[in-house]
2 protein chains.
Amino acid sequence: MARAATAQGTPAFQRIKDHVLGKIHDGDWREGDAIPTEEALCKLFGVSRMTANRALRELAAEQVVVRVQGSGTFVAQERYQATVVAIKNIADEVRARGHAHRSELHKLERVRAADQQVVRFGLPPGSVLFHSLIVHFENDQPIQVEDRWVNAAVAPDYLAQDFSKSTPNEYLMRAAPLQGASYEIEASMPPPEIAEMLRMGEREPCLVLRRKTMSRNQVASVAVLWHPGGKYSFSGAF
Amino acid sequence: MARAATAQGTPAFQRIKDHVLGKIHDGDWREGDAIPTEEALCKLFGVSRMTANRALRELAAEQVVVRVQGSGTFVAQERYQATVVAIKNIADEVRARGHAHRSELHKLERVRAADQQVVRFGLPPGSVLFHSLIVHFENDQPIQVEDRWVNAAVAPDYLAQDFSKSTPNEYLMRAAPLQGASYEIEASMPPPEIAEMLRMGEREPCLVLRRKTMSRNQVASVAVLWHPGGKYSFSGAF
DNA sequence: GAGTGGTCTAGACCACAAT
DNA sequence: TTGTGGTCTAGACCACTCC
């Protein structure tokens, strides 16, 4: 009987999954090894093929195994663990801590894509972009400078938003369904303007998040988020 | 017929998923709305219940919908997007860039848990910990100081490893199956010893990753990873 | 009690891989 | 040609929710 009897109430597909996970964890089946076919598991557990199939299909979705039609099912390569930083709307994040959020709008303008932006957005030169610069405060302490360029084709009403009431993030999430994003996190010394907006000392570094978001197969927005190094960190768990 | 005919070859369960995703994307079905029952989808698409069930079950696994037994299937709350930073073994990462990796071992010692460590590890005071301090190089440029404390109960052979040949990461992955981790990313000025090991200038900041890993329901390891701000960043996409 | 999802069966046909 | 996975059917019984 496969493995020590699992709880009675456990569904059959789950018992099969547990069996396979156990074998892999115990080292009986290693990376690249073929594991029993659906047919074999049917006999071993006395279930129909659909049930064995569901177990293996779910393990494949979880990247525990790899399935090759016509060939078999194999133990997948060990996955690298991933740390997850949730991208939150900063206003929600601050309020979730029970603090007051407010923001100051420093710039809100329409610009023609210059060379640098053209590269980042992958747009024809001369396309219209919107540019905003906003400082976010938590209990009247500045915690983020949000320097953002927005593709006008994706979010045409950007300039009409009231960014004292909502954040660009909130508007963009509504206007441009997020398709994907890429980002980079780095530590760097802020230029004097940024340092001043964040009321930082001369020798304090910033934690910088650069993020590019995609919507409708175009770059929707490029944001550079500056945070005072000593007061802000990204954290998470998995 | 539900929605514009999808490609002929598309499996029925996928066509149903696409239909539901389309309705949600178009705003026809909003957060919390009930969506058609399995029965209804069976009729709409002319399929058996197992097929409609698979479509909805997979959407539930993807957190697009929430299913409540006895009640119905509902559009899930919008998820916050998550950025993913892969935790890689730094040696692999460097080699993947086609560069040479080497490391220098500065410390490798057995210590008794002092107050600070006791808190982080949740261990009884006086427990045994191992401590290592290693500098990692990419093409002879220092790119990371790895300051690590390891729970001796989880990885008893830590001191016997040859860290010129493998990294603590590699050893720990083998010795202590990873259960979970929490981390924090911040920007800060390095203390002079760290700055010297990374050959950094006086006013350059570090990108610091603090990570706690769990194994067998205990804290396995606490690592503080210092990187030169200008030369190193975390990046990813989703 | 009626409606809904959770699970399962015993077949079936197909596409693809290895031989 | 044989074995494998990919998909699907037309039923079934059960647990749970809501009325």
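Let us look at the structure shown here.

Here is what the cut-offs are and how they apply
Residue numbering note: each chain is counted from 1, following its sequence as written. A letter from A marks each chain and a number from 1 marks each ligand, given out in the order of writing. Under the rules for a predicted model, residues below a pLDDT of 70 receive no local features and side-chain atom pairs below 80 are neither given nor counted, while totals for whole chains, interfaces and linings still include all residues. The side-chain figures draw on all heavy atoms in the structure; neither hydrogens nor water molecules are used. In DSSP terms, a helix is any run of H or I states spanning at least four residues, a strand is any run of E spanning at least two, and both are numbered starting from the N terminus. This radius of gyration counts C-alpha atoms alone. The globule rule is 2.2 Å times how many residues there are, raised to the power 0.38. Remark: exposure states derive from per-residue accessible area (1.4 Å probe, protein chains only) relative to the maximum for the residue type, with buried under 20%, exposed over 50%, and partly exposed in between. In what follows, residue pairs with any heavy atoms lying within 4.5 Å of each other are defined as contacts. For every accessible area listed, the method is Shrake-Rupley and the probe measures 1.4 Å; residues are considered covered only by the protein chains on display. In this tally, Asp and Glu contribute negative charge and Lys and Arg positive charge; neither His nor the terminal groups of the chain are included. Charge positions come from single atoms, namely NZ of Lys, CZ of Arg, CG of Asp or CD of Glu. For two strands to be treated as a pair, DSSP must find no fewer than two bridges joining them. Definition of nearness: a residue and a molecule or strand are near each other if at least one heavy atom of the residue lies within 4 Å of the molecule or strand. For this analysis, a polar contact is any N or O atom pair within 3.5 Å, provided that within protein one partner can donate a hydrogen and the other can accept it, and provided that sequence-adjacent residues contribute only side-chain to side-chain pairs. Following the grouping adopted for this structure description, the nonpolar residues are Ala, Val, Leu, Ile, Met, Phe, Trp, Tyr, Cys and Pro, the charged ones are Asp, Glu, Lys and Arg, and the polar ones are all others, Gly among them. A least-squares fit on C-alpha atoms brings the copies together, and the residues used are those whose pLDDT is at least 70 in both copies. A helix is expected to span 1.5 Å for every residue after the first. Interaxial angle, 0 to 180 degrees, is taken between N-to-C directions of lines fitted to C-alpha atoms, where a helix line uses only the stretch in contact. The term nonpolar core refers to a set of buried residues drawn from Ala, Val, Leu, Ile, Met, Phe, Trp, Tyr and Cys, joined through side-chain atoms within 4.5 Å. Any angle from 65 to 115 degrees is called roughly perpendicular, while one under 35 is roughly parallel, one over 145 is roughly antiparallel, and all others are oblique. Each crossing is labelled by how the near helix is turned from the far one, with a counterclockwise turn of less than a right angle marking it left-handed and a clockwise turn marking it right-handed.

Attention shifts here to the overall build of chain A. Looking only at helices and strands, chain A has 7 helices and 11 strands in total. Here chain A has a C-alpha radius of gyration of 25 Å; the compact-globule value for 238 residues is 18 Å, and the former is much larger. Along the first, second and third principal axes, the C-alpha set of chain A runs to 70 × 40 × 30 Å. In chain A, which comprises 238 residues, the proportion classed as buried is 47%. Taking all contacts inside chain A whose residues are at least 6 apart in sequence as the whole, residues at least 24 apart take part in 57%. As displayed, chain A has an accessible area near 12100 Å², and 51% of this comes from carbon and sulfur atoms. Averaged over its 29 positive side-chain charges, chain A has a centre that lies 5 Å from the centre of its 28 negative ones.

This paragraph deals with the pairing of strand β6 (residues 128-138) of chain A. Moving residue by residue along a regular strand, the side chains alternate between the two faces of the sheet. Residue and element names in this part refer to chain A. Burial runs high along β6: 10 of the 11 residues are buried. In this structure, strand β5 (residues 101-112) lies alongside β6, joined through 11 bridges in antiparallel fashion. Bridged to Leu 105 within β6 is Ile 134. Examined bridge by bridge, β6 and strand β7 (residues 141-151) share 10 bridges and lie antiparallel to one another.

Further remarks concern the protein's contact with DNA strand C. If you check the shell around DNA strand C, you find 24 residues, and the closest are A:Ala12, A:Ser48, A:Thr51, B:Arg49 and B:Met50. One of the backbone nitrogen or oxygen atoms of A:Ser48 is found 2.8 Å away from a phosphate oxygen of DNA strand C. Within the contact set of DNA strand C, a phosphate oxygen lies 2.9 Å away from a side-chain nitrogen or oxygen of B:Thr73. Counting only elements with at least two residues in the surface near DNA strand C, the list comes to α1 (12-25) and α3 (49-61) of chain A together with α3 (49-61), β2 (65-68) and β3 (72-75) of chain B. Here the residues of the surface near DNA strand C are counted per class, giving 7 nonpolar, 12 polar and 5 charged.

What follows is about the protein's contact with DNA strand D. Taken together, 24 residues form the shell around DNA strand D, and within it A:Arg49, A:Met50, B:Ala12, B:Ser48 and B:Thr51 come nearest. The protein-proximal atoms of DNA strand D, defined as those within 4 Å of the protein, are 57% sugar or phosphate. A:Gln69 places a side-chain nitrogen or oxygen 3.0 Å from a base nitrogen of DNA strand D. Within the contact set of DNA strand D, a phosphate oxygen lies 2.8 Å away from a backbone nitrogen or oxygen of B:Ser48. Listed by contribution, the elements that provide at least two residues to the surface near DNA strand D are α3, β2 (65-68) and β3 (72-75) of chain A together with α1 (12-26) and α3 of chain B.

Turning next to the relation of the copies chain A and chain B. Two chain copies, one operation linking them: a rotation about an axis together with a shift along it. Of the transformation superimposing chain A on chain B, the axial component is 0.2 Å and the angular component is 179°, with the fit at an RMSD of 0.5 Å. Expressed as a symmetry operation, the mapping of one chain copy onto the other fits a two-fold axis. Taken as a fraction of all interface residues of chain A, those also at the interface in chain B reach 100%, which identifies the copy contact as same-surface.

Right, let's get into α1(A). All names here are of chain A. With 14 residues, α1 should cover 20 Å at 1.5 Å per step; its first-to-last C-alpha distance of 20 Å lies within 8% of that length. Buried within α1 we find Phe 13, Ile 16, Lys 17, His 19, Val 20 and Gly 22. Packed against the buried residues of α1 are β1 (34-35), α2 (38-45) and α3. Just downstream of α1 lies Gly 27, where phi reads positive at about 85°.

A few words on the sheet that holds strand β7 (residues 141-151) of chain B. Across the sheet, 7 strands lie side by side as β11(A)-β8(B)-β9(B)-β10(B)-β7(B)-β6(B)-β5(B); this open sheet has antiparallel pairing. Each edge of the open sheet carries a strand with a single partner, namely β11 (234-237) of chain A together with β5 (101-112) of chain B. Ignoring which end each strand starts from, the neighbouring axes of this sheet average 15° apart. Relative to strand β9 (residues 206-215) of chain B, strand β8 (residues 180-188) of chain B runs antiparallel, the two sharing 9 bridges. Note on β9(B): the bridge partner recorded for B:Tyr183 is B:Arg211. Most of the contacts of helix α6 (residues 168-175) of chain B go to β7(B), to which it runs at about 35°, and overall it touches β6 (128-138), β7, β9 and β10 (218-228) of chain B.

We now examine the nonpolar core. One finds A:Ile185, A:Leu207, A:Phe234, B:Ile185, B:Leu207 and B:Phe234 to be the most contacted residues of the largest nonpolar core, which totals 24 residues. Elements supplying a minimum of two residues to this core: α4 (90-96), β8 (180-188), β9 (206-215) and β10 (218-228) of chain A together with α4 (90-96), β8, β9 and β10 of chain B. With near-sequence residues (within four places) excluded, B:Ile185 lies in contact with A:Ile185, A:Leu207, A:Ser233, A:Phe234, B:Leu207, B:Val208, B:Leu209 and B:Phe234.

Moving on to the packing of α1(A) against α2(A). Residue and element names in this part refer to chain A. Packing of α1 against α2 leaves a shortest axis separation of 11 Å and a crossing angle of 110°. By the criterion of interaxial angle, the relationship of α1 to α2 is roughly perpendicular. Considering only the axes of α1 and α2, their crossing is right-handed. Residues Arg 15, Ile 16 and His 19 of α1 lie in contact with α2, whose contacting residues are Leu 41, Leu 44 and Phe 45. Looking at the contact of α1 with α2 residue by residue, the classes come out as 4 nonpolar, 1 polar and 1 charged.

Everything listed is a geometric property; what it means functionally is a separate question.
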